[in-house]
Amino acid sequence: MMPPMFNSDIKSLKLLNRGKVRDIYEVDADRLLIVTTDRLSAFDVVLPTPIPGKGAVLTAVSNFWFDKLKHLIPNQLTGIAPESVVASSEKNQVAGRAVVVKKLKPLPIEAIVRGYLVGSGWKEYQKSRSVCGIPLPQDLLEADQLPQPLFTPSTKAEMGAHDENISFDQTAELIGPMLASQVRDAAIALYKEAADYAATRGIIIADTKFEFGLDEAGRLYLIDEALTPDSSRFWPADQYAPGSNPPSFDKQYVRDWLESTDWNKKTPGPELPAEVAAKTGEKYREALKRLTE
């Protein structure tokens, strides 16, 4: 396995942005290079400890889903090899962890779909018998499957800030009612098809986050990442039982460790113990193996 990459350092292209996990470079007027590093964020803070191999796993998982779901909605991929757009000395930085994508206009929301009652949704339900203001039956347990998947969008916060849940009406105010409906319908369709497939591989997708963008003609595309352990909550089906939060193939393992510390969830985040970083990497790799092999 390659040494972990906290930051990429591509000198042959212009760096546009470093996100929580991805570094974005400009290839030309129409294309971007997205490098998925081994950084890990939790509670909207980038932690100082990279997870070896994580970027390659996220890239492989996303590419798998982009291909599997392309009949539902077009996606950002161009099919261009990332090694072909960087200097020869930089190819090792992009091999297996980067993609060349269309330059699209990202929508200012995160399209979250919840299929199960867990996390912040469970906390809200205990108080109000609703999730993001959407009323639910009165007798649900933690981790219960919802009567139907819920579209619960949020704002995109700046680095270090927290995303905020917004209603569908607020989404319509931000991007227009027709586009809001299109995003909701696409997100739910993507989630349903992915969840049905994952179930055949022994994985429950409890919830996930999609991002969308528009081309110059106003056509909607799936962008960023798709149904990865970073953007989704994956549960092993054989350990699922309503009434408790199942173990997961994602960074929940890190969140649980962080919750056991006295960290205030503000920058800087704490260094992860070696065994926590290693275990997290194992969980990511197991998700990839189950989904794709």
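Above: the structure in question.
Rules used in this analysis
- Residues numbered from 1 in each chain as written.
- Predicted model: local features only at pLDDT ≥ 70, side-chain atom pairs only at ≥ 80, totals over all residues.
- Heavy atoms only, no water.
- Helix = DSSP H or I, 4+ residues; strand = E, 2+ residues; numbered from the N terminus.
- Phe/Tyr/Trp six-rings, centres within 6.5 Å; stacked < 30°, edge-to-face > 60°.
- Buried < 20%, exposed > 50% of the residue type's maximum accessible area, 1.4 Å probe, protein only.
- Arc of directions from axis to C-beta.
- Contact = heavy atoms within 4.5 Å.

(A) The environment of Pro273, seen in detail. Along the chain, Pro273 turns up in the loop between helix H6 (252-259) and helix H7 (274-292). Separated by 16 residues in sequence, Pro273 and Trp257 have C-alpha atoms that sit 9.6 Å apart.

(B) Structural context of unusual backbone geometry. Cis geometry marks the peptide bond from Thr267 to Pro268; its omega dihedral reads 0°. As for its position among the elements, Pro268 is in the loop between H6 and H7. Residue Cys132 is not a glycine yet carries a positive backbone phi of 50°. If you trace the backbone, Cys132 turns up in the loop between strand E9 (130-131) and strand E10 (134-135).

(C) Summary view of the packing of aromatic side chains. Here the structure, examined in full by the defined rule, presents 10 aromatic pairs. Between Phe210 and Phe212, the aromatic rings sit 6.3 Å apart at their centres with planes inclined by 50°, giving tilted as the arrangement. Judged on exposure class, the residue Phe210 and its partner Phe212 are both buried. For the ring pair Trp235 and Tyr240, a centre distance of 5.7 Å and an interplane angle of 15° mean the geometry is stacked.

(D) Region of the structure containing H6. Among all positions of H6, only Gln252, Val254 and Leu258 are buried. The buried side chains of H6 occupy one side of the element, clustering within an arc of 155° when seen end-on. Elements in contact with the buried residues of H6: strand E4 (41-42), strand E15 (232-236) and H7.

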